[in-house]
Amino acid sequence: MPTKTSRRAAVAASTPDTAPAVPRVKRDRTHYLYIAVIAAVVLGIAVGLIWPDAAVQLKPLGTGFVNLIKMMISPIIFCTIVLGIGSVRKAAKVGAVGGIALGYFLVMSLVALAIGLVVGNVLHPGDGLHLTEALKHTGHAQVDSKALGPVDFVLSIIPTTFVSAFTQGEVLQTLLIALLAGFALQAMGSAGQPVLRGVEHIQRLVFRILAMIMWLAPVGAFGAIAAVTGSAGVDALKSLAVLMLGFYITCVLFVFVVLGAVLRIVAGLNVFSLCKYLAREFLLILSTSSSESALPRLIAKMEHLGVSKPVVGITVPTGYSFNLDGTMIYMTMASLYIADALGTPMSIGEQIPLLLFLLLASKGAAGVSGAGLATLAGGLQSHKPALVDGVGLIVGIDRFMSEARALTNFAGNAVATVLVGTWTKEIDKERVRRVLAGELPFDETTLMDEGHGTAAEVPERREEELAKA
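Since we're looking at a predicted model, the values are computed, not measured.

*Asks:* Can you lay out the overall build of the chain for me, pointing to particular residues and giving the numbers?
*Replies:* Within the chain, the regular secondary structure consists of 22 helices and 0 strands. Here the chain holds 469 residues, and 50% of them are scored as buried. Surface exposure of the chain reaches about 21,500 Å², of which carbon and sulfur atoms provide 67%.

What follows is the structure in C-alpha cells.
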C-alpha cells in the first residue's frame with residue numbers, strides 16, 4: 001500500500017517542473033567569426049586612413065584569402081551540377097532550366113542598363129572635372145588585352161583537357177565538363193549510382209574544407225579593406241563622391257525596388273527576407289570586394305533554401321558570367337561620367353549603341369581580373385576610343401565601386417535562382433518559408449544540408465510530406 005509521502009512524490013515527479021530538461025541547442029560558433037569580420041573591416045579602414053603606405057602593403061592578405069575561396073569554386077560547381085543532373089530523370093528539364101536562365105539574364109541586363117542610363121543623364125556627375133596627362137596614361141593602361149571577342153569567348157569555354165578546367169579555375173569550362181559528366185551519368189542509369197555516391201562524398205569533403213577556410217575571413221577582410229582605403233585616400237573619395245553616391249543609390253534601388261518587385265510577383269517572397277538570409281555572404285563580399293568569394297556559399301545556401309540542385313548548379317555559375325546587373329549599371333554610369341568629364345557629352349543616339357556594345361563586351365571579359373574596369377576600358381577602346389583617356393578618372397575609386405557592383409551582382413544571382421526555380425517548379429515553397437522564417441537554420445559547420453536530398457527528390461519529397469499531413 002503506497003504511503004501519502006510516496007504518492008506525493010509520484011505526483012511531483014509527473015509535474016512540468018520536474019519534466020526532463022530540453023536538450024541544449026549547440027551554439028553557432030561562426031556567429032563570433034562574422035563579428036570578427038566586422039571588427040576587422042573597421043580596423044582595416046582605420047589603418048588605411050592613419051597609415052596609408054603601410055596599409056597598401058597588406059593587400060596580399062586579402063588577395064590570399066580570396067584565392068583560397070576561388071580554389072574551391074571549380075570542385076564545388078562540378079559536384080553540385082553532376083549530382084543534380086545525374087539524379088534527374090529527363091534531360092529536357094536541364095535544358096529548360098538553362099534556356100529560362102539565359103533569357104532572364106538578358107532581359108535583366110537590359111533593364112539594369114536602362115536604369116543606369118536614366119540616372120546618369122539626370123545626375124551628370126562628371127561636369128566640371130579636369131583631366132591631366134597622368135590620368136590619360138592611367139586610363140589607357142586599363143585596356144586589358146585578355147578581354148575576348150564573342151567568337152573567341154565561346155571557344156574559350158572549351159577546356160584544353162578534361163582536367164584543365166579545374167587547374168585553370170575557369171568557371172564556364174568547369175560548367176561544361178560538369179554538364180557532360182552529369183548527362184553521361186544520367187544516361188548510365190543504375191550503373192552510374194556508385195559514381196554519384198562517390199561525387200557526393202567528395203562534395204562533403206570540399207564543403208568541409210571551405211568551412212575551414214572561412215575562419216580566415218577576418219584576416220582577409222582586414223587586409224583587403226586596409227589596402228583599398230590606403231591606396232584611394234580621402235581626397236579621391238571627396239572628388240568623386242557624387243558618382244559613388246549616385247551609383248550606390250542606383251544599385252540599392254535596383255535590388256530592393258526592381259528585383260524586389262519581380263521576386264514578390266513571381267515567387268511571392270520578400271526581398272528583405274532573402275537578403276537577411278544571405279547577410280553573411282553580403283558581409284563577406286563587402287569586406288573582400290569580390291562576389292566570387294561568396295559563390296560557393298550561395299550554391300550551398302540556395303540548395304538549403306529549397307531550390308533543386310540542377311537549378312542551383314546551372315543558374316548560379318552561369319549567372320556569375322552572364323547576369324552582371326551591378327556591372328551593367330556601373331558601365332552605363334561610368335561611360336556617361338567620363339564623357340561629361342571630357343567635355344564631350346553623348347547624345348541618346350550615341351549612348352545606346354555604346355551601351356549595347358558594352359553589354360556584349362562584358363560577357364567576353366567574364367572572369368578577367370578587375371573585369372569591371374578592364375571591360376569598360378576595352379569596350380571604349382573598341383567603340384569610342386576618345387573616351388579611354390577618361391578611364392583614369394575613376395581608377396582611384398574603382399575598388400569602392402566594385403563592392404557595390406559585387407553586392408548587386410550577388411543579389412541578382414540569388415533572386416535569379418529563386419525565380420528560375422519557381423518558373424521550372426523546382427523549388428520547395430514550404431521549405432523556403434520555413435528557412436526564411438528561421439525554423440531551419442543553415443549548418444555553418446559543414447555548409448551542407450544533409451537531410452535535404454537530391455534534386456530529383458524535391459517534388460517527390462514534397463508529395464510525401466503532403467500525404468503524411
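*Asks:* So what about unusual backbone geometry? Which residues, and what values?
*Replies:* You will see that K425, though not glycine, has its phi angle at about 60°, which is positive. Along the chain, the position of K425 falls in the loop between α20 (398-423) and α21 (429-436).

*Asks:* So what about the side chain of N409? Which residues, and what values?
*Replies:* Assignment of secondary structure puts N409 in helix α20. Of the polar contacts made by the side chain of N409, one reaches the side chain of T327; its length is 3.2 Å. If we ignore the near neighbours within four places in the chain, the residues touching N409 are N323, L324, D325, G326 and T327.

*Asks:* With reference to specific residues and values, describe the packing of helix α4 (residues 59-86) against helix α15 (residues 295-305).
*Replies:* Two elements in contact, α4 and α15, have axes whose closest approach is 8 Å; the angle formed by their N-to-C orientations is 35°. Together, I69, I73, I76, I77 and T80 of α4 and L295, P296, I299 and E303 of α15 make up the contact between the two elements. Looking at the contact of α4 with α15 residue by residue, the class counts come to 7 nonpolar, 1 polar and 1 charged.

*Asks:* Before we move on, could you go through the nonpolar core and cite the residues and values that matter?
*Replies:* Formed by 118 residues in total, the largest nonpolar core has its most connected members in L263, L274, L278 and M302. In terms of residues, this core owes the most to one element, α4, which gives 12 residues.

*Asks:* Hey, could you go over the side chain of T417 for me, with residue numbers and the actual values?
*Replies:* Inspection of the secondary structure assignment puts T417 in helix α20. Taking the relative accessible area as the measure of exposure, T417 reaches 0% and is therefore buried. Engagement of the side chain of T417 in a polar contact is seen with the backbone oxygen of N413, the distance being 2.7 Å.

*Asks:* A description of the pattern of salt bridges should follow, citing residues and the corresponding values.
*Replies:* Any two side chains of opposite charge can pair, on the condition that their charged atoms come close. According to the stated counting rule, one finds 7 salt bridges in the structure shown. A salt bridge links K301 to E281, with the shortest nitrogen-to-oxygen separation between them at 3.2 Å. Remark: E281 occurs in helix α14 (residues 279-288) and K301 occurs in helix α15; sequence separation between them is 20 residues. Summarising the burial analysis for this pair, K301 and E281 share the class buried.

*Asks:* Got a sec to walk through a nonpolar patch on the surface? Specific residues and values, please.
*Replies:* A contiguous nonpolar patch, built from L245, I249, V252, L253, F256, V257 and F272 and spanning about 660 Å² of accessible area, is present on the exposed surface. Element by element, the count of residues in the nonpolar patch is highest for helix α12 (residues 241-267), at 6 residues. In this fold, V257 is placed in helix α12.

*Asks:* How would you explain the packing of aromatic side chains if you had to name every residue and give the values?
*Replies:* Inspection of every chain in the model, using the stated rule, returns 6 aromatic pairs. Judged by centre distance (6.5 Å) and plane angle (80°), the ring pair of F247 and Y248 falls under edge-to-face. For F247, a relative accessible area of 0% puts it in the buried group. Residue Y248 is classed as partly exposed on the basis of its relative accessible area, which comes to 31%. Aromatic side chains F247 and Y330 sit 5.9 Å apart centroid to centroid with 70° between the ring planes, which places their arrangement in the edge-to-face category. Linking F247 in helix α12 with Y330 in helix α17 (residues 325-341), this pair joins segments that are 83 residues apart in sequence. The cationic tip of K301 hangs over the ring face of Y277; the distance from NZ or CZ to the ring centre is 4.8 Å. Between the NZ or CZ atom of R405 and the centre of the ring of Y330, over which it lies, the distance is 4.1 Å.

*Asks:* Could you give me a rundown of helix α9 (residues 171-188), with the residues and numbers involved?
*Replies:* Across its 18 residues, α9 extends 26 Å between first and last C-alpha, which sits within 8% of the 26 Å expected from 1.5 Å per residue. Of all the residues in α9, the buried ones are V171, L172, Q173, T174, L175, I177, A178, A181, G182, L185 and Q186. Trailing α9 by a residue or two, G189 shows a phi angle of about 65°, which is positive.

*Asks:* Account for the confidence of the model for the chain, with residues named and values stated.
*Replies:* Confidence along the chain averages 75 in pLDDT terms, with 72% of residues attaining 70 or more. Contacts of residues 364-369 to residues separated by more than four positions or lying in other chains number 11 contacts, the stretch itself having pLDDT below 50. Throughout residues 451-469 the model reports pLDDT below 50, and contacts reaching past four residues in sequence, or to other chains, amount to 28 contacts.

*Asks:* Break down the environment of I38 for me, with residues and values.
*Replies:* Considering the arrangement of structural elements, one finds I38 in helix α2 (residues 30-50). Placed 246 residues apart in sequence, I38 and L284 show a C-alpha to C-alpha distance of 9.4 Å.

*Asks:* Before we move on, can you summarise the environment of S335 with the specific residues and values?
*Replies:* Mapped onto the elements, S335 comes out in helix α17. Its relative accessible area of 1% is what places S335 among the buried residues. Separated by 52 residues in the primary sequence, S335 and L387 have C-alpha atoms spaced 8.0 Å apart. Excluding its chain neighbours within four sequence positions, the residues that come into contact with S335 are M346, L354, L355, L358, L376 and L380.

*Asks:* Provide a residue-level description of the packing of α9 against helix α16 (residues 309-322), including the pertinent values.
*Replies:* Two elements in contact, α9 and α16, have axes separated by 10 Å at closest approach and are oriented at 155°. One way to sum up the angle between α9 and α16 is to call them roughly antiparallel. Relative to α16, α9 is oriented so that their crossing is left-handed. When α9 is examined against α16, the residues V171, L172, L175 and L179 are found in contact with a partner set consisting of G313, I314, P317, T318, S321 and F322. In terms of residue class, the contact of α9 with α16 is made up of 7 nonpolar, 3 polar and no charged.

*Asks:* With reference to specific residues and values, describe the environment of E444.
*Replies:* Residue placement: E444 occurs in the loop between α21 and α22 (457-468). For E444, a relative accessible area of 8% gives the class buried. In sequence terms E444 and M214 are 230 residues apart; their C-alpha atoms lie 9.8 Å from each other.

Definitions and limits used
Residues numbered from 1 in each chain as written. Predicted model: local features only at pLDDT ≥ 70, side-chain atom pairs only at ≥ 80, totals over all residues. Heavy atoms only, no water. Helix = DSSP H or I, 4+ residues; strand = E, 2+ residues; numbered from the N terminus. Buried < 20%, exposed > 50% of the residue type's maximum accessible area, 1.4 Å probe, protein only. Areas by Shrake-Rupley, 256 points an atom, 1.4 Å probe, with all protein chains shown as cover. Polar contact = N/O pair within 3.5 Å; in protein donor to acceptor, adjacent residues only side chain to side chain. Contact = heavy atoms within 4.5 Å. Axes fitted to C-alpha atoms, helices over the stretch in contact; angles between N-to-C directions. Nonpolar A, V, L, I, M, F, W, Y, C, P; charged D, E, K, R; others polar. Core = buried A, V, L, I, M, F, W, Y, C linked by side-chain atoms within 4.5 Å. Salt bridge = Lys/Arg side-chain N within 4 Å of Asp/Glu carboxyl O. Patch = residues over 30% accessible without salt bridge, like charges linked within 9 Å, V, L, I, M, F, W, Y side chains within 5 Å. Phe/Tyr/Trp six-rings, centres within 6.5 Å; stacked < 30°, edge-to-face > 60°. Lys NZ or Arg CZ within 6 Å of the ring centre and 35° of its normal. Expected span 1.5 Å × (residues − 1). pLDDT = per-residue confidence, 0-100. Parallel < 35°, antiparallel > 145°, perpendicular 65-115°, else oblique. Left-handed = near helix turned anticlockwise from the far one by under 90°.

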